Amino acid sequence: MFGAGGGTSSYREAEDTDMIILWGSNARETHPIFFHHLLRGVRNGARLIAVDPRRTSSAEWADVWLGIDVGSDIALANAMAREIIHSGLADEEFIKRATTGYEEFARCVEAYPLERAEAETGVPAAAIKEVALEYGRAKRGMICWTLGITEHHNAVDNVLALINLALLTGKVGRYGCGLNPLRGQNNVQGGGDMGAIPARLPGFQDLENDEIHAKFANAWGGAEFPNKKGRHLSEMFEAMDRGELGSVYIVGENPARSEADQTRAVRLLSGLDHLVVQDIFLTQTAELAHVVLPAAAGWAESEGTVTNSERRVQRVRRALEPPAGARDDIDIICDLAQRLGFDWGQPTAEQVWDECRALSPMHAGMAYRRLEELGGLQWPCPDESHPGTQFLHARLWKDPVEGPRAPLHAVEHDPPVDRLTEEFPIRLTTGRRLDSFNTGVQTGQYTSPLRKGEALLIAPEDGKRLGVEDGERVKASSRRGSVEVDVGIEPSLRPGLAFMTLHFPDEVSTNVLTIDATDPKSGTAEFKASAIRIDKLSPVTS
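Being a predicted model, the structure only gives us computed values, none of them experimental.

## Topic: the overall build of the protein
Counting its regular elements, the protein contains 19 helices and 21 strands. Taken against the 2.2 N^0.38 rule, which gives 24 Å for 542 residues, the C-alpha radius of gyration of the protein at 24 Å falls within 12% of a compact globule. Taken across its 542 residues, the protein has 53% of its residues classed as buried. In the protein, once contacts between residues fewer than 6 apart in sequence are set aside, the share between residues at least 24 apart is 69%. For the protein, the distance from the average position of its 58 positive side-chain charges to the average position of its 79 negative side-chain charges is 4 Å.

Next up, the structure:
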């Protein structure tokens, strides 16, 4: 965000703010630790606004729930921005000093009056106005989002629309304010920090910058490595489809079940010349592999670090020895390098981390000793006397601003790719539940009193219209395929909206239904907006 790939705020700030907007995030179930901090904020007097197509368990705690139509987030954000401007609540001094692009942005949002926003989003104009004015007037306010914003074909524009609201009101770079993408899986933030992004090296340093590239090349003994942006995941599958990518090495991921348009994903993975999977379980993807490398569990059987959604780097300590045959990821990778002609030795996790600190300025002050003593540190932490950074972009409040100013972006409403029609009249959105994790590989082997298996949740009105009852087996179809699944009647859903998870792929292959329309900037697929049809199954006759 503005050059830093992480949330701007700390968890503690959620306890001290005046207003929190949870936008496309059911944090109570998907980010329960953060939600505890959020609830402390609510108990301290913060107003909670939930923007979500479903009346989730998080929305039940909210002062206001905006039940938005799937894929209309930009229309809502633009209308809120227009209302803030027209009400004189824009922070004109901050905008002038710390931002760019205001004139074009203001022209863009002028085309989103409340009447248009209500038509596009399904949210009453009065409710949009109420929330806009509350956010504009609040002294401190935070916007938090998750996959409900980013799993769309226009994911980046969705995020930019939320950033615009914070910049418009000066709610960034100050304590109790900010913009916070809550990371969807353990150490997603750490993966990005370490350069698991096609155009970035550790510390979000630009791979294509000649000076930065040379710095890493020199540190690695003059090693030659690419200086051009690589492919993100969606582009890799496109390259497989074109026959340009024949060998893939997958570490800790299960795309045979997690990718949108699962049928296509399995076909492409099955057609590779060489597939290597390194994982702690024999996943459905590993079953397709030519070589499987059993790995130690990073959270209990390895040494290292992990980074959470508030940019806090913390130590991970080995509690157990890995089972026979499983090895630490570092050992596997270094041995593989040796076989390929590169002697990396047998470094410890701390030695690897110290190399990272030497090359990444934002991690330079995070010695293991300090991480142990302080219970973790938030980046950027440029030297060993630095306490870490609680919130980002205080520089925007300096006069003059330190570094580049923050850009406002003109973004336009762009509805879901998979349009609703008479043949496919129901909008399917997907998500997670508290009791399970992703494709169920890690959680499916354990019992939970909360776990009920997969069901296609629909509104009571749709159940009556379709003539189906709770627990009845139906056929759900999209333009890509069909699955059989039990129906669950869910009062929190509005008519025309259905919900499923991908936690139980052996029972129901949810991602057979989802569409792989992807955002061209981020490569994220539109998991949140598929069009489906629900058909009753004919009774079995003897």
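## Some thoughts on the domain arrangement of the protein
Bring the parts together and some accessible area is lost; that lost area is often taken as the interface size. Looking at the assigned domains, one finds that the protein contains domain 1 (13-181) and domain 2 (426-536). Placing a centre on the C-alpha atoms of domain 1 and another on those of domain 2 gives a separation of 27 Å. At the junction of the two partners, domain 1 supplies 22 residues and domain 2 supplies 22 residues. Around 1800 Å² of area is buried between domain 1 and domain 2 when both sides are counted, 56% of it from carbon and sulfur atoms. Among the residues of domain 1 in contact with domain 2, Arg54, Glu151 and His153 are the three that bury the most area, contributing 33% of the side total. For the pair domain 1 and domain 2, the interface holds three salt bridges. Measuring nitrogen to oxygen at the nearest pair gives 3.6 Å for the salt bridge that ties Glu151 to Lys528. Across the contact surface, domain 1 and domain 2 share 10 residue pairs in polar contact (both at pLDDT 80 or more).

## Considerations on the pattern of salt bridges
If charged atoms from side chains of opposite charge come close, those side chains can pair. A full pass over the atoms with the stated rule returns 40 salt bridges. Between Arg12 and Asp16 there is a salt bridge, with its nearest N and O atoms 3.5 Å apart. Residue Arg12 and its partner Asp16 are located together in helix α1 (residues 11-16), separated by four residues, close to a single helical turn. In this structure, the salt-bridge partner of Asp18 is Arg140, at a minimum N-O distance of 3.6 Å. Note that Asp18 is positioned in the loop between α1 and β1 (19-23) and Arg140 in the loop between α8 (125-137) and β5 (142-145), a separation of 122 residues in sequence. With relative accessibility at 29%, the residue Asp18 sits in the partly exposed group.

## Points about the sheet that holds strand β19 (residues 482-489)
Read around the closed barrel, six strands run β16-β20-β17-β19-β18-β21, paired in mixed fashion. Across this sheet, the average inter-strand angle for adjacent strands is 45°, counted without regard to direction. Sheet analysis places strand β18 (residues 473-477) next to β19, joined by five bridges and oriented antiparallel. Bridge pairing in β19 places Ser477 opposite Ser482.

## Topic: the sheet that holds strand β10 (residues 274-279)
Read across the sheet, three strands follow the order β9-β10-β11 without closing on themselves; strand pairing throughout is parallel. Across the chains shown, the open sheet's two edge strands, defined by having one partner strand only, are β9 (247-251) and β11 (291-294). The sheet shows a mean angle of 10° between the axes of neighbouring strands, taken without regard to direction. As paired strands, β9 and β10 are joined by five bridges and run parallel to one another. In the strand pairing of β10, Tyr249 is matched with Val276. Along the sheet, helix α16 (residues 329-339) contacts β9, β10 and β11; its crossing angle with β9, the most-contacted strand, is approximately 155°.

Here is what the cut-offs are and how they apply
Residues numbered from 1 in each chain as written. Predicted model: local features only at pLDDT ≥ 70, side-chain atom pairs only at ≥ 80, totals over all residues. Heavy atoms only, no water. Helix = DSSP H or I, 4+ residues; strand = E, 2+ residues; numbered from the N terminus. Rg over C-alpha atoms; globule rule 2.2 N^0.38 Å. Buried < 20%, exposed > 50% of the residue type's maximum accessible area, 1.4 Å probe, protein only. Contact = heavy atoms within 4.5 Å. Lys, Arg positive; Asp, Glu negative; His and termini not counted. Charge placed at Lys NZ, Arg CZ, Asp CG, Glu CD. Domains from an automatic or database assignment. Buried area = accessible area lost by both parts, 1.4 Å probe. Salt bridge = Lys/Arg side-chain N within 4 Å of Asp/Glu carboxyl O. Polar contact = N/O pair within 3.5 Å; in protein donor to acceptor, adjacent residues only side chain to side chain. Pairing = 2+ DSSP bridges. Axes fitted to C-alpha atoms, helices over the stretch in contact; angles between N-to-C directions.

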